[in-house]
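# Structural features, examined
One letter stands for each residue in the lines below.
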Amino acid sequence: MDQSSRRVKILVADDSPIYRKLVEQALSQEHALVFATNGRQAIDLFREHLPDLVITDWTMPDISGIEFCQRIRCDFRQVYAYVILLSSNTDKEEVIEGLAAGADDYVTKPFHTGELQARVRVGRRIVDLHNQVQAKNRQLEEMTLTDPLTGLPNRRAIDIWASRQLRAAARHQFPIWLVMADLDHFKSINDTHGHDTGDTVLRGFAEVLKANTRQSNFCARLGGEEFLLAVTHTEKENIKIPVERIRKQIETKRFTVAGQTFSVTASFGIAGFCGTVAPDFSDLMSRADAALYAAKHQGRNRIEFAME
C-alpha cells in the first residue's frame, strides 16, 4: 500500500471530553482515531491497537501523560509510535521533561487546529520513515541468512537454528537428526554441461528438499553441492523414510540442457541426538559428515547412519 494513502491509526488519551472532541474534529477525516479517557485505558488500547501515533494529555487522573509515555517506551520496545504531548503549561522545563520521557513533540493547549494537523503530518512522515528503515533492516537480515542461488537458509542461519534447537531437544528430550546430503559426481556435471547447468541442478535439489521439509524442520545449503536437512520429533526407525523419499525424487528428476537429458543422484549421512545434555553442533555435524563419507565410499546414491 502507498504510505501516503494509508490511514494512520492515532490513539488519543485525554480525560477532557471537550479536547477529545476538538482532536476528533481536527483529525478524524484523514486518520483512524481511538480514544482513551484515562491513562490505564490508554495503555490497554495501545497494547490492543499498536497505533502509529499517540496524542496524550499531560495531566490525567490516574496515570499522567509522562508516565504513559514512559510505559510505551519501556514496555513496547519493539513498537515505535510517535508521541505528541498536550499541556496547558508552556514552561520550558516541562517541555524538556516531556521530551526526556520519550515524547517526540509537544503542543500547548488550547491548540490551533492547523498546528495540530501539521504536527501530526510531521509525525506521520517520521513513522513512515521508521517503517521503511525497519523493512530494509529485515530485508538485509534475511539476505545475510539466505543462500542467493537456491533461496535456502545458509550456513549462518544453520548455526542460529541449531543452537536453539539443540538446547530445546535436550530440555524436552525429543530426538533431533542432522542429514548431510551431497550431490554425486557434481564436478563432472559442471565440467560436462557448464556451471550454469550446475546451478540449475543445485536449485533443483533445493526444490526437492524444500518440498519434503515440514514447517517444523529445517533445510539449508552448506555450500558447494552440500546440503543439510534437520528433522525433529522423529524416532530412528522413521527418520530414513523422508530421506529415502528425497533420494528417490532426486534420482528420478530429469534435467535437460541443449537437447540432452540427464539425471543426478545424491548421498546422505545421518547423525542424531536424544538426551538431556546437548552435544556441540560441530560434533553432530562431524558425525553426519562421517556417515556421508561412508555412503560415498560404499557406492554413492545411498543413506548411511553415523556410528553410535
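To start, this report covers the structure provided alongside it.

Calculation notes
Residues numbered from 1 in each chain as written. Predicted model: local features only at pLDDT ≥ 70, side-chain atom pairs only at ≥ 80, totals over all residues. Heavy atoms only, no water. Pairing = 2+ DSSP bridges. Helix = DSSP H or I, 4+ residues; strand = E, 2+ residues; numbered from the N terminus. Right-handed = clockwise from strand over helix to strand, strands pointing away. Phe/Tyr/Trp six-rings, centres within 6.5 Å; stacked < 30°, edge-to-face > 60°. Buried < 20%, exposed > 50% of the residue type's maximum accessible area, 1.4 Å probe, protein only. Lys NZ or Arg CZ within 6 Å of the ring centre and 35° of its normal. Core = buried A, V, L, I, M, F, W, Y, C linked by side-chain atoms within 4.5 Å. Expected span 1.5 Å × (residues − 1). Arc of directions from axis to C-beta. Contact = heavy atoms within 4.5 Å. Axes fitted to C-alpha atoms, helices over the stretch in contact; angles between N-to-C directions. Parallel < 35°, antiparallel > 145°, perpendicular 65-115°, else oblique. Nonpolar A, V, L, I, M, F, W, Y, C, P; charged D, E, K, R; others polar.

### Observations concerning the pairing of strand β2 (residues 32-36)
Here strand β1 (residues 9-13) pairs with β2 via five bridges, running parallel. Paired with I10 across the strands is L33, a residue of β2. In terms of handedness, the path from β1 via helix α1 (residues 17-27) over to β2 forms a crossover that is right-handed.

### Some details on the packing of aromatic side chains
This model, assessed by the stated rule, comprises seven aromatic pairs. With 6.4 Å between their ring centres and 70° between their planes, W58 and Y106 make a pair best called edge-to-face. Remark: Y106 occurs in strand β5 (residues 105-108) and W58 occurs in the loop between β3 (53-57) and α3 (65-75); sequence separation between them is 48 residues. Residue Y106 is classed as buried on the basis of its relative accessible area of 8%. The ring of Y19 carries K109 above its face, with NZ or CZ at 4.2 Å from the centroid. Over the face of the ring belonging to F305 we find K236, whose NZ or CZ atom lies 5.2 Å from the ring centre.

### Quick word on the nonpolar core
Counting residues in hydrophobic clusters, the biggest one holds 28 residues, and the most contacted among them are L183, V201, F205, L209, F227, V264 and F268. For this core, the elements supplying multiple residues, two or more each, are β6 (176-183), α7 (186-193), α8 (195-211), β8 (226-232), α9 (236-252) and β11 (266-273). Listed in part, the 26 residues of the second largest apolar core include A157, A169, L228 and A271.

### Thoughts on α9
With 17 residues, α9 should reach 24 Å at 1.5 Å per residue; the first-to-last C-alpha distance of 26 Å fits that figure. Burial in α9 covers these residues: I239, P242, V243, I246, R247 and I250. One face of α9 carries all of its buried residues, which in axial projection span an arc of 140°. Exposed residues lying more than 90 degrees from the buried face of α9 are E237, I241 and T252. Contacts from the buried residues of α9 go to β6, α8, β8, β11 and β12 (303-305).

### Comments concerning the side chain of D147
Along the chain, the position of D147 falls in the loop between α5 (113-144) and α6 (155-172). Not counting residues up to four positions away in its chain, the partners in contact with D147 are L152, P153, N154 and R221.

### Details of the pairing of β11
Burial analysis of β11 places eight of its eight residues in the buried class, which makes it a mostly covered element. The two faces of β11 match: A266, F268, I270 and G272 on one face and S267, G269, A271 and F273 on the other face are all buried. Bridge analysis of β6 against β11 gives eight bridges, and the strand direction is antiparallel. Residue pairing across strands places L178 opposite A271, the latter belonging to β11. Sheet topology places β11 next to β12; three bridges connect them, and they run parallel. Opposite I270, over in β12, you have F305 as the bridge partner. Note on the crossover from β11 through helix α10 (residues 281-297) to β12: the handedness is left-handed.

### A short note on the packing of α6 against α10
How two helices pack is summed up by the angle between their axes together with the distance between the axes. Contact geometry for α6 and α10: axes closest at 10 Å, N-to-C directions at 110°. Of the possible angle classes, the one that applies to α6 and α10 is roughly perpendicular. Side by side, α6 and α10 meet where R155, I158, D159, A162 and L166 of the first sit next to F281, L284 and M285 of the second. Considering only residue class, the contact of α6 with α10 consists of six nonpolar, no polar and two charged.

### Thoughts on the sheet that holds β12
Read from one edge to the other, the open sheet built from five strands follows the order β7-β8-β6-β11-β12, with strand pairing classed as mixed. Among the strands making up the open sheet, the edge pair consists of β7 (218-223) and β12. The average undirected angle you get between the axes of adjacent strands in this sheet is 20°.

Fair warning: the whole summary comes from geometry, so function is off the table for now.
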